[in-house]
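Commentary on secondary and tertiary structure
So you can see what is in the structure, the chains are spelled out below.
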Amino acid sequence: MNKFTAMQWFVRVAETGSFAAVAQQLGVDRSVVTRQVSALEKELGAKLLTRSTRSLALTPAGQSYLDQAQTILNLVDAAESSLGEEQAVPRGRIRLALPLSFGLQRLLPVLLEFANLHPTIECVWDFSDRRSKLIEEGIDLSIRITNRLVPSDIVRKLGSTQLLTVASAQYLAQHGKPKRPSDLSQHQGLLYALEFQPDTWHYRERDGSTTAVSLRPRLVANNGEALMAAAAQHLGITRQPDFIVQPYLDDGRVQKVLPGFPSETLGIYAVLPSNRYVPHRVSVLMAYLAQALK
């Protein structure tokens, strides 16, 4: 048993709550991870985890050891990175989770440039609009577009995007063009399923107050491009980030609705999985993305 490796694997198991998840991240059989942790317990002469068919739990000794092991691993990461970090060649794997539409439209060219600049970094990209579980899935960095951060999220703001309300000219000719936010309640909504309240949209009135409007769902989907395609086919009114809407505005497939009543602005964030020391390669990627999106 390599005690340092066993310590690393134990910390991963404790943080994810799953031997299987860690085995998948490492690309080994579950039994290999189990044996490493069992050997560590035998070496320490203490039970660190209680196991059942459905869950894992830290023992008091396990919690104490986890706290100290995390500190040790942070110090090791910091020591390795501090050795000429600015001059060091960033290397290793970065598993990056990023939104589907924004990732493909705006980030992919930047990420390809980054990959060309840093051939010693192995890139793993996960394009999805779902909110990833960073620790459980072994993700080093996630890009999120939101105005609802969890208090425990560790983030760096990279930029922002404005939500625009749009519909096709044909739909508006048939159903009337809303003059105030409250008029939207009479219209068919094309709603983004992953929003906190998909059928409730917020707008700033001319006096500075905020109005919340409930819409009747015509179509609900978990992808903005799909909703824009539906809007271009005259199915209803949708509200999407400007980077998705702009091509549809440029070629006239849709037009802005309620341009005098601004909707919400969303932040574009780089989110880290924990408050551990950030590896040099991840810091380099965050800085590159921040510069590109500035």
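For the structure, check the block above.
So, a few notes on the structure that sits alongside this text. (Residues numbered from 1 in each chain as written. Predicted model: local features only at pLDDT ≥ 70, side-chain atom pairs only at ≥ 80, totals over all residues. Heavy atoms only, no water.)

1. Observations concerning the packing of helix 8 (residues 224–232) against helix 9 (residues 242–250)
At a closest axis distance of 10 Å, the pairing of helix 8 and helix 9 adopts a crossing angle of 30 degrees. Taken together, the axes of helix 8 and helix 9 lie roughly parallel to each other. The element helix 8 and its partner helix 9 pack so that their crossing is right-handed. For the pair formed by helix 8 and helix 9, the contact residues are G224, E225, M228, A229 and A232 on the first element and I244, V245 and Y248 on the second. Looking at the contact of helix 8 with helix 9, its residues break down into six nonpolar, one polar and one charged. (Axes fitted to C-alpha atoms, helices over the stretch in contact; angles between N-to-C directions. Helix = DSSP H or I, 4+ residues; strand = E, 2+ residues; numbered from the N terminus. Parallel < 35°, antiparallel > 145°, perpendicular 65-115°, else oblique. Left-handed = near helix turned anticlockwise from the far one by under 90°. Contact = heavy atoms within 4.5 Å. Nonpolar A, V, L, I, M, F, W, Y, C, P; charged D, E, K, R; others polar.)

2. Description of unusual backbone geometry
Backbone geometry at H234 places phi at a positive 70 degrees, although glycine is not the residue there. A relative accessible area of 28% places H234 in the partly exposed class. A positive phi angle, near 55 degrees, is found at L258, a position not held by glycine. Of note, L258 is situated in the loop between strand 12 (255–256) and strand 13 (265–272). (Buried < 20%, exposed > 50% of the residue type's maximum accessible area, 1.4 Å probe, protein only.)

3. A look at the nonpolar core
Core analysis: the largest hydrophobic core is formed by 36 residues, its most contacted members being L141, I143, L285 and L289. Ignoring any residue separated from it by four or fewer positions in sequence, one finds L289 in contact with L107, V110, L111, I143 and L158. Formed by 18 residues, the second largest nonpolar core is a distinct cluster that contains V22, V33, L40 and L73. (Core = buried A, V, L, I, M, F, W, Y, C linked by side-chain atoms within 4.5 Å.)

4. Things to note about empty space enclosed by the protein
Under the counting rule described, the total for this entry stands at one cavity of 30 Å³ or more. Taken as a whole, the largest cavity holds about 40 Å³ of empty space. The wall of the largest cavity is formed by I94, L111, F114, C123, V124, W125 and L285. Looking at the lining of the largest cavity, the elements that each hand over two or more residues are helix 5 (100–117) and strand 4 (121–127). (1 Å grid on protein atoms, 1.4 Å probe; cavity = no way out; pocket = protein on both sides within 12 Å on 5 of 7 lines; lining within 4 Å. Points joined across faces, edges and corners; volume = space filled by probe spheres on them.)

5. Considerations on the packing of helix 1 (residues 3–16) against helix 2 (residues 19–26)
Contact geometry for helix 1 and helix 2: axes closest at 8 Å, N-to-C directions at 125 degrees. The orientation of helix 1 with respect to helix 2, classified from their angle, is oblique. Seen along the crossing, helix 1 lies across helix 2 with a hand that is right-handed. Packed against helix 1, whose contacting residues are W9, R12, V13 and T16, the element helix 2 presents F19, A21, V22, Q25 and L26 at the interface. Of the residues belonging to the contact of helix 1 with helix 2, the class tally is six nonpolar, two polar and one charged.

The values reported here are purely geometric and, on their own, carry no functional implication.
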